[in-house]
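Understanding the architecture of this molecule
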Amino acid sequence: MIYLRLAYEFFIIGLFAIGGGMATLPFLYRLADKTGWFTAKFITDMVVVAESTPGPIGINMATYVGFSVAGMLGGIIATFSMIAPAIIIVTLLSKTIEKYQRHPIMRDGFYAVRPAVVGIIGAGFYQVLSNVMFNVSLYEQTKVIRDLITKKEVIVFIIFFILMRKFHLHAMFYICLAAIVGIIFKL
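Residues numbered from 1 in each chain as written. Predicted model: local features only at pLDDT ≥ 70, side-chain atom pairs only at ≥ 80, totals over all residues. Heavy atoms only, no water.

1. Some points on the overall build of the protein
- Scanning the protein from terminus to terminus reveals 7 helices and 0 strands.
- Mapped from its N terminus to its C terminus, the protein presents α and β elements in the order α-α-α-α-α-α-α.
- For the protein, buried positions account for 29% of its 187 residues.
- Long-range pairs, those at least 24 residues apart, make up 53% of the contacts in the protein between residues at least 6 apart in sequence.
- Accessible area of the protein: about 12,600 Å², with a carbon and sulfur share of 72%. (Helix = DSSP H or I, 4+ residues; strand = E, 2+ residues; numbered from the N terminus. Buried < 20%, exposed > 50% of the residue type's maximum accessible area, 1.4 Å probe, protein only. Contact = heavy atoms within 4.5 Å. Areas by Shrake-Rupley, 256 points an atom, 1.4 Å probe, with all protein chains shown as cover.)

Next comes the structure, spelled out in structure tokens:
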């Protein structure tokens, strides 16, 4: 039953998350609230992992959630379900879009979708920002400022900022180093 639920939920997300991986974030927050499979903090961690691995962020996040909820098969089902709407739509509409791409109605239709995409991505940005910077989910409205960021986190941030400005090493080096520091100091 969990596999069918994963397939359904990620098919819906894949169908409506127009605009790339960050557009999936509002849908993932809704899914977290609705199912209890993961928390808002989990989504933040998921974004970090998905951004630091190769491939599209939305697909990486679907795989991550599916694997976390239902193991290897869950990851496969969530990933396939996430991309299935795009495959179906592109397959069905590719010839029509190619034929009518310069038609004013088609051009205006794509133009009309832009504000919705910006809104979806903006909502995802706001949710991640409030969760990361202020350690609050969308539903938590008040927190004491001194509890938001620890001294250890500020020190690590400053050290990494200085290192990155002074030594222009590959980003993967800093990602790996940050992972090691996070594991050692349990940040």
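Text resumes after the structure shown.
2. Overview of the side chain of Thr24
- Its place among the elements puts Thr24 in the loop between helix H1 (2-16) and helix H2 (25-35).
- Residue classification places Thr24 among the buried residues on the basis of a relative accessible area of 2%.
- If we ignore the near neighbours within four places in the chain, the residues touching Thr24 are Ile13, Ala17, Gly58, Met61 and Met82.

3. Quick look at the nonpolar core
- Residues Phe10, Ile13, Leu28, Phe38, Ile43 and Met61 are the most contacted members of the largest nonpolar core, which totals 26 residues.
- Contributing elements (two or more residues each) for this core: H1, H2, helix H3 (40-51) and helix H4 (57-100).
- Not counting residues up to four positions away in its chain, the partners in contact with Ile13 are Thr24, Phe27, Leu28, Leu31 and Met82. (Core = buried A, V, L, I, M, F, W, Y, C linked by side-chain atoms within 4.5 Å.)

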